[in-house]
Amino acid sequence: MTDQDSQNKKTALYELHVELGGKMVPFAGYILPVQYADAGIMLEHQRARESAALFDVSHMGQVRITGADRVAVLEALVPADVETLAVGRTRYSFFTNETGGILDDLMITQAEDGLILVINAACKDADIAHLRANLSGDAKLEVLDSLSLLALQGPRSAAVLGQWAPEATTMPFMSTRDFVIAGIDCRVSRSGYSGEDGYEIAMESDRAVDLARALLEHDAVSASGLGARDSLRLEAGLCLYGHDIDTTTTPVEAGLTWAMQKRRRTEGGFPGAEIIQKQLADGAPRRLVGLKPEGRAPCREGTELTDDSGRVIGKITSGGFGPTVGGPVAMGYLETAFASAGTTVQAMVRGKPRPCEVVKMPFVAHSFYRG
């Protein structure tokens, strides 16, 4: 282990990753597998699309907000309609700042015992401080740092969980329930960030290895790492915080208007609401778009995008090879005038222009369970 590795945290599954041949790398303050020796990113990606892949996402933060004022506290920080969120349902949202930028994106679940939030690892400490600084009334924040989180993703995921919890197979997308899986108490959400059907499963960390081993015993399930997780979400057109969205991007620019329910779009009451409402009414100056570069080589994050005259009109924020697409795919921001599907722009790769077509996302259709 390098000195850099020793400064990063290990999840409860670290030793299991090593046992399974995981290539361990630093990521968001943790040491996590980017891929496994017996497969590699392409095969791990394919398994998630065709069967079921198990990811360790325990680096994500999990917190609970309790008290009668919990809804008001959270709605003052996010543009989601938390008030109408039914018990057992989950909603995607984001913390905004005073300029309408995105501080982090998160998942919100209405549970019997409070609001459960899952937040990004790189933003975890800042998010927790932000929440604590804005608590009011009787709202209280609890950091659920005794929990681990696994993501089981792919078309055979339901059949796998169904052997222990048959009711899990008919859970609606973005719903959450408690089940006993392989003798372990779990909070199970039908969600994920791969574009496939699947689940995110929270359990006490001292049972995480037992649960992972039980899931991996199923012939449909194989371990997958950060590399496949990134290529899956990119093909699904899903934003990665710190890349496609950050404090300089608004939800309107990022195409996330769907995650702001009508009441909140109209009433506001969250940071940056006036700026976001103005962009909703008048349009945003730039848009996040899907891009298909010409040829086989990927265009990477940071690549400038120009018009035919060479004027810079945007930048790629995520790019790579799409195994399911069978070619390079990318996401990036373009001035709105160039953001329509079918437009051709130039990616400046090592000083040379390379044509890219603006296309609709996702690159691979979502297969979320709709019942």
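All values reported here derive from a predicted model rather than from experimental measurement.

A. Fine view of the overall build of the protein chain. Within the protein chain one finds 10 helices and 20 strands. Scaling as 2.2 N^0.38, a compact globule of 371 residues should have a C-alpha radius of gyration of about 21 Å, and the protein chain matches this with 21 Å. Taken across its 371 residues, the protein chain has 56% of its residues classed as buried. In the protein chain, the share of contacts with a sequence separation of at least 24, taken over all contacts with a separation of at least 6, comes to 65%. If you sum the accessible surface of the protein chain, you get close to 15,800 Å²; carbon and sulfur atoms cover 50% of it. The averaged location of the 48 negative side-chain charges in the protein chain is 4 Å from the averaged location of its 37 positive side-chain charges.

B. Quick look at the side chain of R229. Mapped onto the fold, R229 is located in helix 8 (residues 226-235). Buried within the structure, R229 lacks any salt-bridge partner; E200 is the closest side chain of opposite charge, at an N-O distance of 4.7 Å. The residues contacting R229, other than those within four sequence positions of it, are F55, V57 and Y193.

C. The nonpolar core, seen in detail. Counting 38 residues, the largest nonpolar core has F55, Y92, F94, I245 and L256 as the members making the most contacts within it. Sorting the residues of this core by element identifies strand 4 (52-56), strand 6 (90-96), strand 7 (102-111), strand 10 (147-153), helix 8, helix 10 (273-282) and strand 18 (327-335) as the ones contributing at least two each. Every residue in contact with F94, bar those within four places of it in the chain, is listed here: L77, V78, P79, I102, D104, D105, L106, P251, L256, A259 and M260. By size, the runner-up hydrophobic cluster in this structure holds 26 residues, among which are L16, L161, V188 and V221.

D. Just the sheet that holds strand 11 (residues 176-181), in detail. Spatial strand order, 11-12-13-10-4-14: 6 strands in an open sheet with mixed pairing. With partners counted over all chains shown, the strands left at the sheet margins are strand 11 and strand 14 (221-223), one partner each. Within the sheet, the average angular offset between the axes of one strand and its neighbour, ignoring direction, is 30°. Bridge count for strand 10 against strand 13 (residues 198-204) is 7 bridges, and the pairing is antiparallel. The partner of Q153 across the bridge, within strand 13, is G198. Sheet strands in contact with helix 3 (residues 41-50) are strand 4, strand 10 and strand 14, and its direction is about 120° off that of strand 4.

E. The arrangement of the environment of A365 in detail. Relative to the helices and strands, A365 is located in the segment after strand 20 (352-359). Given the relative accessible area of 58%, A365 is considered exposed. Spatially, the C-alpha atom of A365 lies 24 Å from that of F94, the residues being 271 residues apart in sequence.

F. Layout of unusual backbone geometry. Here the residue pair M361 and P362 is connected by a cis peptide bond, since its omega of 5° sits within 30 degrees of zero. Considering the arrangement of structural elements, one finds P362 in the segment after strand 20. Even without a glycine there, the phi angle at A28 is positive, about 50°. Here A28 is to be found in the loop between strand 2 (22-27) and strand 3 (30-36). Residue M174 is not a glycine yet carries a positive backbone phi of 65°. Note on placement: M174 falls in the loop between helix 6 (157-162) and strand 11. Exposure remark for M174: the relative accessible area of 13% places this residue in the buried category.

G. Here's a closer look at the sheet that holds strand 19 (residues 344-349). What the 6 strands build is a closed barrel, ordered 15-18-17-16-19-20; its pairing is antiparallel. Strand after strand, the sheet turns through a mean of 45° between neighbouring axes, direction not considered. Sheet topology note: the strand 17 (residues 312-322)/strand 18 ladder contains 8 bridges and is antiparallel. Across the sheet, residue K315 finds its bridge partner in strand 18, namely Y333.

Criteria and thresholds
- Residues numbered from 1 in each chain as written.
- Predicted model: local features only at pLDDT ≥ 70, side-chain atom pairs only at ≥ 80, totals over all residues.
- Heavy atoms only, no water.
- Helix = DSSP H or I, 4+ residues; strand = E, 2+ residues; numbered from the N terminus.
- Rg over C-alpha atoms; globule rule 2.2 N^0.38 Å.
- Buried < 20%, exposed > 50% of the residue type's maximum accessible area, 1.4 Å probe, protein only.
- Contact = heavy atoms within 4.5 Å.
- Areas by Shrake-Rupley, 256 points an atom, 1.4 Å probe, with all protein chains shown as cover.
- Lys, Arg positive; Asp, Glu negative; His and termini not counted.
- Charge placed at Lys NZ, Arg CZ, Asp CG, Glu CD.
- Salt bridge = Lys/Arg side-chain N within 4 Å of Asp/Glu carboxyl O.
- Core = buried A, V, L, I, M, F, W, Y, C linked by side-chain atoms within 4.5 Å.
- Pairing = 2+ DSSP bridges.
- Axes fitted to C-alpha atoms, helices over the stretch in contact; angles between N-to-C directions.

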